[in-house]
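One letter stands for each residue in the lines below.
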Amino acid sequence: MADFDDERIASLKQRRKAAILDRFLTFSGLALAGASAFFPWYVFFNADKFGINVAGSENSRELPDWPARNVFSVSPLAMVNKNEADKKAPPIDPLTTATVSDLGKERDGRAIQEDQPFPGKSSFRLLHVSNGRALIEDPSGMYVVRIGSILPDESRLATLEQRDGKWVIVTSKGEIYKNN
């Protein structure tokens, strides 16, 4: 009979543990469900903490007061290698054009200087001028530039002027681009 009582007591303890575990899991599930239902409302009422920060805008045609970015497009082959070991190597054309540089050779008793510009001309259009900044467009995109910015033709913006009622860009190379 003692064995029967011990088995019964063990069974009751096991049921109590299971009931406590069931209550704990039920309470945890209800708490999680409540938090899940409440969280979207918390986000809705506190949108400043969770939302995307959008810059304010005005209904005007003025350009934003952003700092100008330099505009340049440099070929990796045109970059200067700052390695001292490579400076001693003879100049070789890295492009497959079948040309050999005369740089460093002498002709008529003086050294030859190669100042060959890149072929073609990078053209761009002046779209709009406002607040000392200009919006320009070239085949690769649109850019906001200001005086001193590097332009797509690898010159710098020298001045922004208004001539005959139209805006004009004058570059450091002396080229003039008019607003259409």
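The structure displayed is predicted, hence computed values, not measured ones. (Residues numbered from 1 in each chain as written. Predicted model: local features only at pLDDT ≥ 70, side-chain atom pairs only at ≥ 80, totals over all residues. Heavy atoms only, no water.)

**A word on the UniProt feature "transmembrane region" (unreviewed entry) in the chain**
Part 1 of the reasoning: Taking the numbering used here, the UniProt-annotated feature "transmembrane region" (unreviewed entry) corresponds to residues 20–44.
Part 2 of the reasoning: From the first C-alpha to the last, residues 20–44 spans 37 Å; its make-up is 100% helix and 0% strand. (UniProt positions renumbered as here; feature names shortened; annotations may be inferred. Helix = DSSP H or I, 4+ residues; strand = E, 2+ residues; numbered from the N terminus.)

**What to know about the packing of aromatic side chains**
Part 1 of the reasoning: The tally for this structure, following the rule as stated, stands at 5 aromatic pairs.
Part 2 of the reasoning: Between the aromatic rings of phenylalanine 38 and tyrosine 42, the centroid separation amounts to 6.3 Å while the plane-to-plane angle is 40 degrees, which identifies the pairing as tilted. Placement of both phenylalanine 38 and tyrosine 42 in helix H1 (residues 2–45) is noted, with a separation of 4 residues, approximately one turn of the helix. (Phe/Tyr/Trp six-rings, centres within 6.5 Å; stacked < 30°, edge-to-face > 60°.)

**Comments concerning the sheet that holds strand S6 (residues 157–163)**
Part 1 of the reasoning: A sheet is described by the order of its strands in space; here 3 strands give the open sequence S6-S7-S8, paired in antiparallel fashion. Two strands lie at the open edges of the sheet, namely S6 and strand S8 (176–178), each paired on one side alone. Neighbour-to-neighbour, the strand axes of the sheet open up by a mean angle of 25 degrees, direction not taken into account. (Pairing = 2+ DSSP bridges. Axes fitted to C-alpha atoms, helices over the stretch in contact; angles between N-to-C directions.)

**Here's the deal with the pattern of salt bridges**
Close approach of charged atoms lets side chains of opposite charge pair.
Part 1 of the reasoning: Taken as a whole and judged by the stated rule, the model has 2 salt bridges.
Part 2 of the reasoning: Salt-bridge contacts for glutamate 137 lead to arginine 125; the nearest nitrogen and oxygen are separated by 2.6 Å. Linking glutamate 137 in strand S4 (residues 133–138) with arginine 125 in strand S3 (residues 125–130), this pair joins segments that are 12 residues apart in sequence.
Part 3 of the reasoning: We classify glutamate 137 as partly exposed; its relative accessible area is 26%.
Part 4 of the reasoning: Across the pair glutamate 161 and arginine 163 runs a salt bridge, and its minimum N-O distance is 2.7 Å.
Part 5 of the reasoning: Given a relative accessible area of 36%, arginine 163 falls into the partly exposed group. (Salt bridge = Lys/Arg side-chain N within 4 Å of Asp/Glu carboxyl O. Buried < 20%, exposed > 50% of the residue type's maximum accessible area, 1.4 Å probe, protein only.)

**A few points about the pairing of S3**
Part 1 of the reasoning: One ladder, built from 5 bridges, connects S3 with S4; its direction is antiparallel. Within S4, the residue paired with histidine 128 across the bridge is leucine 135.
Part 2 of the reasoning: Hairpin remark: S3 followed by S4, antiparallel, with 2 residues in the connecting loop; positive phi at asparagine 131, about 55 degrees.

**Considerations on a nonpolar patch on the surface**
Part 1 of the reasoning: Judged by side-chain polarity, Phe38, Phe39, Trp41, Tyr42, Phe44, Phe45 and Phe50 come together as a nonpolar surface patch covering roughly 850 Å² of accessible area.
Part 2 of the reasoning: Sort the elements by how many residues they give to the nonpolar patch and H1 lands first, with 6 residues.
Part 3 of the reasoning: Here phenylalanine 50 is to be found in helix H2 (residues 47–50). (Patch = residues over 30% accessible without salt bridge, like charges linked within 9 Å, V, L, I, M, F, W, Y side chains within 5 Å. Areas by Shrake-Rupley, 256 points an atom, 1.4 Å probe, with all protein chains shown as cover.)

**What about the side chain of serine 155?**
Part 1 of the reasoning: Summarising the element assignment, serine 155 is placed in the loop between strand S5 (141–146) and S6.
Part 2 of the reasoning: At a separation of 2.6 Å, a polar atom in the side chain of serine 155 contacts the side chain of aspartate 153. (Polar contact = N/O pair within 3.5 Å; in protein donor to acceptor, adjacent residues only side chain to side chain.)

**Observations regarding unusual backbone geometry**
Part 1 of the reasoning: The phi dihedral of asparagine 131 falls on the positive side, at around 55 degrees, and the residue is not glycine.
Part 2 of the reasoning: The residue asparagine 131 is located in the loop between S3 and S4 in this model.
Part 3 of the reasoning: The residue aspartate 164 is not glycine, and still its phi comes out positive at about 55 degrees.
Part 4 of the reasoning: On the accessibility criterion, aspartate 164 (84% relative accessible area) is exposed.

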